[in-house]
Structure formats: C-alpha cells, structure tokens
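Letter by letter, the chains look like this.
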Amino acid sequence: MASTERPNWAPESIDLERPNAARIYDYLLGGAANFAADREFGEQLLTVLPEARPAARMNRAFLHRAVRFCVDAGIRQFLDVGSGIPTAGNVHEIAQRMDPECRVLYVDIEPVAVTHSELMLRDNAQATAIRADFTDPDSILDSEAARDMLDFDQPMALLLVALLHFVPDAAQPYDAVNRFVSRLTSGSYLVLSHAVERPSEEQAEGIDRLYDRADAPGVRRTREEITRFYEGLEMVEPGLVNTPEWRPEPTDNSANQPGANVAVAGVARKP
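**Student:** Help me out: how do you make sense of the environment of E224 in this one?
**Tutor:** If you trace the backbone, E224 turns up in helix α10 (residues 223-227). For the pair E224 and L240, spaced 16 residues apart in the sequence, the C-alpha separation amounts to 9.9 Å.

Laid out in structure tokens, this is it:
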C-alpha cells in the first residue's frame, strides 16, 4: 500500500507521511494497522536496533503476565493509558478470560488506535476506548467514559506500558503519573514498562535520530530515573527488572535472548 492511499479505517486527521510510535509498535508486533512510513521507519529501526522486534514481543508478554497477576490479586478494573493499536491478547481479552466481569478503559492519543479499539469493542459492554492525552490526566480521570466504566472507590490497575519513553521531561511525566496514582484507592496497582538507556552511545544516537522524525521522539532514561515513577508505592517482587524477567512462565527462556535488556518493567501496589 502506498503511503498516499488512505484506508477507510484511517481518520482524515492522520498524516500518513509521518511515522507514529503506536503504528511502528504495531508493525514490530506483526500487525496490519500501519502505513508505508511506519513500516519504513520500523525497518530502519531494526538496522540500528535488531533487537527491537523481540523486545516488542517481550513487552507484550510482560503485559499479559501483569494483567493475569492483577486479576489473581483481586483487580477487576483496568485503566490502560497509551494502550496502542489492538493486537493479539488485548487487556480485556486476558482479564475477561479470567473473569468476564472485568472492566477496561483504553486510552490513546493515536486516532488509529482508538478507531480500531472502538470497532473491536462494539459488542463488549465491559470495555471501551477514548482518545485523550496522558499528559492531561484530568481529561481522562474526569471523562464520561471513566465515570461509566471505572469505580474509583475500588482498586484498579493503571497500565502505562511502553508509553513513558515517548513522554519528554518537559511534558512533566512524573507529575502526570503522580496525578493518576493520587486518584487510585489503596490496593490499586501501577503496571509500567520503559525502555532503558542503550549501552552503545552510537546505537543510542542512531535511535534518537530516527525518532526525531516520528510524532513522538523517544526519551532515554536510566533505571534510577524510571524507578522515580513508583515513588510512594510498594514494589511487587521481583521489582524493576528486564521485561522477560518479571515473573516469567516456567518454560520461558527469553531472558537470555536478544532484546531482553531493551526495556525494564515492574508492578507496584498502592498502600
């Protein structure tokens, strides 16, 4: 498909010529909701960071494990901010397979992600999607969809998975996370994953140059800087670790595979 050919599911507001973080991630995961510019970017990213594709899959697998952990811990409602484009094993599918009463509110700024989510959820009364910006927490927390889908007097899981490394410090991501967490009741969980600084400065510079062309340039943070997002919360074992090392399945050996150290992840409980 040429980049100038707009499919009927793509809102007119989308710039087909500019790579988008959510659509690039969709491409890396093998999805079809992406355009020529996203695929070209994805291939260029893979030349600089060959581990990007397995790292994306490991991140998705972490999300699945974290959702199952939360349901096992008694959580029945999920606020997934920066949810991205739907692909196999979405949050509502994982959670509702364990308990059909689980409720999910998906939030993303990317129109394609929201459009696809709305189509997928047409017949699901326990899940919905809205377009909103993570950096404006009140627009999400006080939305009609949040009032209808979530009960803030009951524990919930706030999912910020592969989102924060696209939010620069100038947009005050720490303040935004604190705002979200402040509205959660005791017993709620924060589920978070974040890319870490690359060991090679040359590799990091190559990634930065690529993402400068995208609509959401990447942000490099250290483990210490990522840990700050959990301030005031109680980390769940094993703490902040490489994504495949967070409570892996017994047969999972991906912790030793390429891409295992691209991102870190952790889950924390609000006391």
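We are not done yet, so read on.
**Student:** What is the right way to read the pairing of strand β3 (residues 127-131) from this model?
**Tutor:** Within a regular strand, side chains alternate between the sheet's two faces. Here strand β2 (residues 103-108) pairs with β3 via five bridges, running parallel. What sits directly across from Y106, in β3, is A129. In this region the chain leaves β2, passes through helix α5 (residues 111-120) and returns to the parallel neighbour β3; the handedness of that crossover is right-handed.

**Student:** What should I look at first to understand the nonpolar core in this one?
**Tutor:** Here is a general trend for soluble globular proteins: nonpolar side chains tend to be buried in one another's company. Grouped together as the largest cluster of nonpolar side chains are 36 residues, with contacts concentrated most on L79, V81, L105, F134, L158 and L160. Contributions of two or more residues to this core are made by β1 (77-81), β2, α6 (137-141), α7 (144-149), β4 (157-161), α8 (173-182), β5 (189-195) and β8 (263-269). For this core, the element with the most residues is α8, which contributes five residues. Residues within four places of V81 in sequence aside, it is in contact with V107, F134, I140, L158, L159, L160, L163 and F180. Judged by nonpolar contacts, the second largest core, of 29 residues, contains V104, Y106, V236 and A265.

So, how was this worked out
Residues numbered from 1 in each chain as written. Predicted model: local features only at pLDDT ≥ 70, side-chain atom pairs only at ≥ 80, totals over all residues. Heavy atoms only, no water. Helix = DSSP H or I, 4+ residues; strand = E, 2+ residues; numbered from the N terminus. Pairing = 2+ DSSP bridges. Right-handed = clockwise from strand over helix to strand, strands pointing away. Core = buried A, V, L, I, M, F, W, Y, C linked by side-chain atoms within 4.5 Å. Buried < 20%, exposed > 50% of the residue type's maximum accessible area, 1.4 Å probe, protein only. Contact = heavy atoms within 4.5 Å.

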